[in-house]
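The residues making up each chain are set out below.
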Amino acid sequence: MKGIKIIFWTLWRMWFYILFTIPIVIMLPFLVASIVSEKGYPYYFKMSRIWAKFILFGMGFYYKIERNQILESDKSYMIVANHTSMVDIMLMLAVVKSPFVFVGKKELAKIPLFGFFYKRTCILVDRGCSKSRLEVFNQAQKIIDRGLSVCIFPEGGVPDDESIVLDTFKDGAFRLAIEHQIPILPITFADNKKRFSYTFFSGSPGIMRAKIHPQIDTFGKTGVDRKVIREETREVVYSQLMEYDIQLKGIDNPSI
């Protein structure tokens, strides 16, 4: 039985990378055309959402979204979520309809084909370089001036220890939100770690739940409020993860 599972997981992981590549190849001319100028980004974003949904559905993932905040199309947000899986990016694109730009680690630009578009459409950060972090602020300002939102996974990466429910949040997203006086939009992903974690021999098709929480305003806030807002945002996401866990245990043990 274990051997069958290993074969399934191996083929399933290979299938993920096939799905990852197919839409990019098919849409390649249109993707290239959409990144020639800033005006083309909304079209690029729409194609990115098609790419994301193609992967999710192709892997047997179906998502359920609870929305407690409706995004205003003419407003910029700092979008933050817990980070547990490679498919967090795809689910974020599927969940949020309004165009946004990811702030992501520089290393992903090395991925063949994907990296070509990634480094031209995302804000790249080298976390070991203070100059790079400063440049993120400058690029974020340009993005916000264009009326777009910014998306950051504030844990700074996926924790190596998968038993960690939610790692500590880094300051970057909250410094940016306060600096540019834009609201923070917390989102909780419930099932991504279970469905497709970084552990190779793991995962399964199934539901991926997401909840968009009410925005946390930063208007009138200053740098001294950063820590309070950071912890408030983390508590929103953490509490929802705990609630999802209780719901899951209730399903597994109906007598509870």
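Note that the structure is a prediction, hence the values are computed from the model and not measured. For every chain, the first residue of its written sequence is number 1, and the numbers climb from 1 along that sequence. pLDDT decides what is reported in this predicted model: residues at 70 or higher carry local features, side-chain atom pairs at 80 or more are listed and counted, and totals for whole chains, interfaces and linings draw on all residues regardless. To obtain the side-chain values, all non-hydrogen atoms of the structure were included, while hydrogens and water were left out.

*Asks:* What is the right way to read the overall build of the protein chain from this model?
*Replies:* The helix and strand inventory of the protein chain stands at eight helices and seven strands. A compact globule built from 256 residues would reach a C-alpha radius of gyration of about 18 Å, and the protein chain, at 18 Å, matches this within 12%. Dimensions of the protein chain along its principal axes, counting C-alpha atoms only, are 55 × 50 × 35 Å. Exposure categories follow from relative accessible area, calculated using a 1.4 Å probe and restricted to protein chains: below 20% of the type maximum is buried, above 50% is exposed, and the middle band is partly exposed. With 256 residues in all, the protein chain has 45% of them scored as buried. Of the contacts made within the protein chain by residues no fewer than 6 positions apart, 75% connect residues no fewer than 24 positions apart. Methods summary: accessible areas were calculated by the Shrake-Rupley approach with a probe of 1.4 Å, and residue burial reflects only the protein chains presented. Counting only carbon and sulfur atoms, one obtains 61% of the accessible surface of the protein chain, whose full area is about 13500 Å². For the protein chain, the separation between the mean place of its 34 positive charges and that of its 25 negative charges on side chains is 6 Å. Strands are runs of DSSP state E lasting at least 2 residues, helices are runs of H or I lasting at least 4, and numbering of each runs from the N terminus. Our radius of gyration looks at C-alpha atoms and nothing else; its globule reference is 2.2 Å times the residue count to the power 0.38. Contacts between residues were defined by any pair of non-hydrogen atoms, one from each residue, lying within 4.5 Å. Counted as positive: Lys and Arg. Counted as negative: Asp and Glu. His and the chain ends are not counted at all. For charged residues, the charge sits on one atom: NZ in Lys, CZ in Arg, CG in Asp, CD in Glu.

*Asks:* Would you take a moment to explain the packing of aromatic side chains for this structure?
*Replies:* The geometry of an aromatic ring pair comes down to the distance between the two centres and the angle between the two planes. Each Phe, Tyr or Trp ring, with Trp reduced to its six-membered ring, pairs with another whose centre is within 6.5 Å; inter-plane angles below 30 degrees give stacked pairs, above 60 give edge-to-face pairs, and intermediate values give tilted ones. Throughout the structure, instances matching the rule amount to 21 aromatic pairs. Measuring from ring centre to ring centre gives 4.7 Å for Phe 16 and Phe 196, while their planes differ by 35°; the resulting arrangement is tilted. In this pair, Phe 16 sits in helix H1 (residues 2–34) while Phe 196 sits in helix H7 (residues 192–196), placing the two residues 180 residues apart along the sequence. Pair check on accessibility: Phe 16 and Phe 196 agree, each one buried. With a centroid separation of 6.3 Å and an interplanar angle of 25°, the aromatic rings of Phe 102 and Phe 153 are classed as stacked.

*Asks:* In this structure, what is going on with empty space enclosed by the protein? I would like to understand it.
*Replies:* Empty space among the atoms can be located by rolling a probe the size of a water molecule over them. The method works on a 1 Å grid over the protein atoms by themselves. A cavity is a set of points holding a 1.4 Å probe that cannot get out, a pocket is an open set with protein on both sides within 12 Å along at least five of seven lines, and residues with an atom within 4 Å of a point line them. Grid points are joined across faces, edges and corners, and a volume is the space filled by probe spheres set on the points. This model, assessed by the stated rule, comprises one cavity of 30 Å³ or more. A volume near 40 Å³ is recorded for the largest cavity. Forming the boundary of the largest cavity are His 83, Thr 84, Val 158, Pro 159, Asp 161, Glu 162, Ile 164 and Lys 193.

*Asks:* Looking at this model, I keep getting lost on the nonpolar core. Mind explaining?
*Replies:* In globular proteins that are soluble, nonpolar side chains generally tend to be buried together. The biggest cluster of nonpolar side chains holds 72 residues, and the ones touching the most others in it are Trp 51, Met 78, Ile 79, Met 90, Met 92, Phe 100 and Ile 187. For Trp 51, the contacting residues outside a window of four places in its chain are Phe 20, Pro 23, Ile 24, Met 27, Ile 89, Met 90, Leu 93 and Phe 114. Definition used in this section: a nonpolar core is a set of buried Ala, Val, Leu, Ile, Met, Phe, Trp, Tyr and Cys residues joined via side-chain atoms within 4.5 Å.

*Asks:* I'm lost on the environment of Phe 57 in this one. Help?
*Replies:* Among the structural elements, Phe 57 can be located in helix H2 (residues 41–58). Setting aside its immediate chain neighbours within four residues, Phe 57 contacts Tyr 62 and Tyr 63.

*Asks:* Hey, could you run me through H1 in this one?
*Replies:* Structural remark: α-helix, 3.6 residues per turn; residues separated by three or four positions point the same way. Expected span of a helix, by definition, is 1.5 Å for each gap between consecutive residues, and there is one gap fewer than residues. An ideal rise of 1.5 Å per residue puts 48 Å on 33 residues; H1 measures up with 46 Å between its terminal C-alpha atoms. The bend at a residue is defined as the angle formed between two axes, one fitted to the seven residues ending at that residue and one fitted to the seven starting there. At Leu 28, H1 shows its largest bend, some 75°, and a proline, Pro 29, comes one to four positions later. What H1 keeps buried is the set Trp 9, Trp 12, Arg 13, Phe 16, Leu 19, Phe 20, Pro 23, Ile 24, Met 27, Leu 31 and Ser 34. Residues of H1 that are buried sit in contact with H2, strand E1 (61–67), helix H3 (88–95), helix H4 (114–121) and H7.

*Asks:* Hey, could you run me through the pattern of salt bridges in this one?
*Replies:* For side chains of opposite charge, pairing can occur when their charged atoms come near one another. Should a side-chain nitrogen of Lys or Arg be within 4 Å of a carboxyl oxygen of Asp or Glu, the pair is scored as a salt bridge. The final tally for this structure, using the stated rule, is seven salt bridges. The salt bridge involving Arg 230 is made with Glu 231; its shortest N-O contact spans 2.9 Å. Arg 230 sits in the buried class, given a relative accessible area of 14%. According to the relative accessible area criterion, Glu 231 is partly exposed, its value standing at 35%. Look at the salt bridges and you will find they share partners, linking Asp 171, Arg 226, Arg 230 and Glu 231 into a network.

*Asks:* Explanation requested: the environment of Phe 169 in the structure shown.
*Replies:* In this fold, Phe 169 is placed in the loop between strand E5 (149–152) and helix H6 (172–180). Each C-alpha atom of the pair Phe 169 and Tyr 43 lies 32 Å from the other, and the pair is 126 residues apart in sequence. With near-sequence residues (within four places) excluded, Phe 169 lies in contact with Pro 154, Glu 155, Phe 174, Arg 230, Thr 233 and Arg 234.

*Asks:* In this structure, what is going on with the packing of H2 against H3? I would like to understand it.
*Replies:* When two helices pack together, their arrangement is captured by the angle between the axes and the distance separating the axes. Interaxial distance between H2 and H3 falls to 8 Å at its minimum, and their mutual angle equals 120°. By the angle class used here, H2 and H3 are oblique. For the pair H2 and H3, the crossing hand works out as left-handed. Of the residues in H3, those in contact with Phe 45, Ser 48, Arg 49, Trp 51, Ala 52, Lys 53, Ile 55 and Leu 56 of H2 are Ile 89, Met 90, Leu 91, Leu 93 and Ala 94. The nonpolar class holds Ala, Val, Leu, Ile, Met, Phe, Trp, Tyr, Cys and Pro. Asp, Glu, Lys and Arg form the charged class, and all remaining residues, Gly among them, are polar. Counted by class, the contact of H2 with H3 contains ten nonpolar, one polar and two charged residues. Only the stretch in contact is used when a helix axis is fitted, and all axes are lines through C-alpha atoms; the angle between N-to-C directions ranges over 0 to 180 degrees. Any angle from 65 to 115 degrees is called roughly perpendicular, while one under 35 is roughly parallel, one over 145 is roughly antiparallel, and all others are oblique. In this scheme, a crossing is called left-handed if the near helix is turned counterclockwise away from the far one by less than a right angle; it is called right-handed if the turn is clockwise.

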